[in-house]
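# Analysis of the macromolecular model
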Amino acid sequence: MNKLLFATLLTMATSSAFAGETSTTLKVQGTLTTSACTPTLSNGGIVDFGTIQVSSLSSTQPNSLGQKDISLSITCDSATKVGFTVISNHEEGNPYNSVEFSNGNVVTNHDNLFGLGKTAENIGIGSYGVWVDASSINVDGSTAQLMSRGTGSNPGDWNTSMGVLRGSDSIVTSFGSFNEPVAFNSATFSLEVAATVQPTDTLAITDTTSLDGEMTISLFYL
Amino acid sequence: MRTFSRITTIGALAVISSFMAVPASFANSDCQMTLSQPEVDLQVLRQDEAVKTGQGWSVMQEKDINVNVFCTTPRKMAVFFHGNAGDKGYFRFGSQSGLSGKVSQLMVDGQHYPMAKTVNPGSFLPDGSATEELLVHNREGIMAVNGNSAVQGQQMNFRLTLTPVLKESEFKVSDRTTLTSDIGLVMIDDQ
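Residues numbered from 1 in each chain as written. Chains lettered and ligands numbered in written order. Predicted model: local features only at pLDDT ≥ 70, side-chain atom pairs only at ≥ 80, totals over all residues.

### What to know about the overall build of chain B
Across its full length, chain B carries one helix and 15 strands. Of all intrachain contacts in chain B linking residues separated by at least 6 positions in sequence, the fraction that spans at least 24 positions is 72%. (Helix = DSSP H or I, 4+ residues; strand = E, 2+ residues; numbered from the N terminus. Contact = placed C-beta atoms within 7 Å.)

Next up, the structure:
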């Protein structure tokens, strides 16, 4: 009888302690993805310099083909710090011809010159360079600083980029302010592409020949 | 873009659920518990952003949430944590990963106190010694202590630090994958 009474009292005491109960739920969510951001080039990624008559080109001097623009958009599912690297896929035979952009900038450094492929006779056709038009940068509706640093284990500090792209995946280019990249949902900007082909005497082409430059742009998550 | 819309929808539903839960708690108690951020979106979790790795695990950036409990009259209070948990008491996050919870900076009525665990919602007896911060597991509670006794007060607040600990294989997804965890916080008092 005493045991029963004790048990009853214990139950009442426990119930009393539970009488005041307040609760809430904390919801936590995270996302795993194979690729958080997607790069998209305008015009299907093709920069078309059109048809150029060989007869209109210099036979003895490199020929500037001028500049064409293409836009690159990087769209992310959520605000992400990301940059991009570039690497030329058709470097064999690159003659490293200097290229001149519409604004008068001339690129001569071999690291910034990419190959335009080869003729049927295995002669390098020419070179092209790519420049990011800093004035065109739109990051989530605002302008942003164009910046770059290395991609290796000791990448160094972020610094303002002039905009000329360097190949071999060694430099990552991104956007931000005060030398600090920002996370963004969307970034859009123009890539200026300027090309130069070799003198026609060097090319010695006898048939229609395509400019065959190809570059891979890869996103680099920061 | 479609995925982003889906996340927004989940968020909206959760807010409605939260509004429904608060009046329910008032019906049973004259206390209210609020979170500085009832929904935490850790965004995209990337393995190369891990703050620490080893033995097949990646420790990701932690996230702080402030928890505040306010009652109309002073009383002993303990906050218990419960959710879907693994063998070691970590809250499940994804299929193989977990969330570690750490409580720190406990204050009652504006005064700092050490804390102790309690595993019995009815007793207010400390389980173990008092300390400045505690890792909390499923079905464990924390309370402010003074000596060996639970502290009475009207308002209790503390910081809950969540740390995602992801199994390396968790990162190998073939498509966008959302990890979720719901952690229930229940305040028990002696009134």
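### Section: the overall build of chain A
Helix and strand counts for chain A stand at two helices and 14 strands. With 222 residues in all, chain A has 32% of them scored as buried. When contacts within chain A are restricted to residue pairs at least 6 apart in sequence, long-range pairs at least 24 apart make up 75% of them. (Buried ≥ 20, exposed ≤ 12 C-beta atoms within 10 Å, placed from the backbone.)

### Thoughts on the sheet that holds strand 8 (residues 126-139) of chain A
All names here are of chain A. The strand order across the open sheet built from five strands is 2-3-13-8-7, with neighbouring strands paired in antiparallel fashion. The open sheet terminates on both sides in strands that have one partner only, identified here as strand 2 (37-41) and strand 7 (114-115). Inspection of the sheet shows strand 2 paired to strand 3 (residues 63-80) by five bridges, in the antiparallel sense. Across the sheet, T38 pairs through a bridge with T75, a residue of strand 3. (Pairing = 2+ DSSP bridges.)

### Re the confidence of the model for chain B
All names here are of chain B. Per-residue confidence for chain B gives a mean pLDDT of 82; residues scoring 70 or more make up 83%. The weakest mean pLDDT in chain B belongs to helix 1 (residues 2-28) at 26; the strongest belongs to strand 8 (residues 111-112) at 97. Confidence drops under pLDDT 50 across residues 1-28; counting only partners more than four residues distant or on other chains, this segment forms 13 contacts. Here the prediction assigns the complex a pTM of 0.51, and the interface score ipTM is 0.80. (pLDDT = per-residue confidence, 0-100.)

### What to know about unusual backbone geometry
A positive phi is found at A:N122, a non-glycine position, where the angle reads about 65 degrees. Its 8 C-beta neighbours within 10 Å are what place A:N122 among the exposed residues.

### Section: the nonpolar core
In this structure, B:V69, B:M115, B:M143 and B:A144 are the most contacted members of the largest nonpolar core, which totals 80 residues. Ignoring any residue separated from it by four or fewer positions in sequence, one finds B:M115 in contact with B:V103, B:L106, B:A130, B:T131, B:L134, B:I142, B:M143, B:A144 and B:V145. (Core = buried A, V, L, I, M, F, W, Y, C linked by C-beta atoms within 7 Å.)

### Quick word on the environment of A:A194
All names here are of chain A. Along the chain, A194 falls in strand 13 (residues 184-197). When the C-alpha atoms of A194 and E100 are compared, they prove to be 6.3 Å apart, with 94 residues separating the residues in sequence. When residues no more than four places from it in sequence are discounted, the contact partners of A194 are G66, Q67, V99, E100, F101, Y128 and G129.

### Some details on the pairing of strand 13 of chain A
Residues and elements named next belong to chain A. With respect to burial, strand 13 is a largely interior element, ten of its 14 residues being buried. In this sheet, strand 13 lies alongside strand 3 in antiparallel orientation, the contact comprising 13 bridges. Opposite G66, over in strand 13, you have A195 as the bridge partner. Pairing between strand 8 and strand 13: ten bridges, direction antiparallel. The residue bridging S127 from the neighbouring strand is T196, located in strand 13.

### Here we look at the confidence of the model for chain A
In the predicted model, chain A carries a mean pLDDT of 86, and the fraction of residues at 70 or more is 89%. Scored below 50 in pLDDT, residues 1-19 of chain A makes nine contacts in the model with residues more than four places away or belonging to other chains.

### What about the environment of B:M143?
Residue placement: B:M143 occurs in strand 12 (residues 140-146). Through-space distance from the C-alpha of B:M143 to that of B:T118 is 7.2 Å; in sequence the pair is 25 residues apart.

### Describing the environment of B:H112
Within the element layout of this structure, B:H112 appears in strand 8. For B:H112 and B:A144, which are 32 residues apart along the polypeptide, the C-alpha to C-alpha distance reads 8.8 Å.

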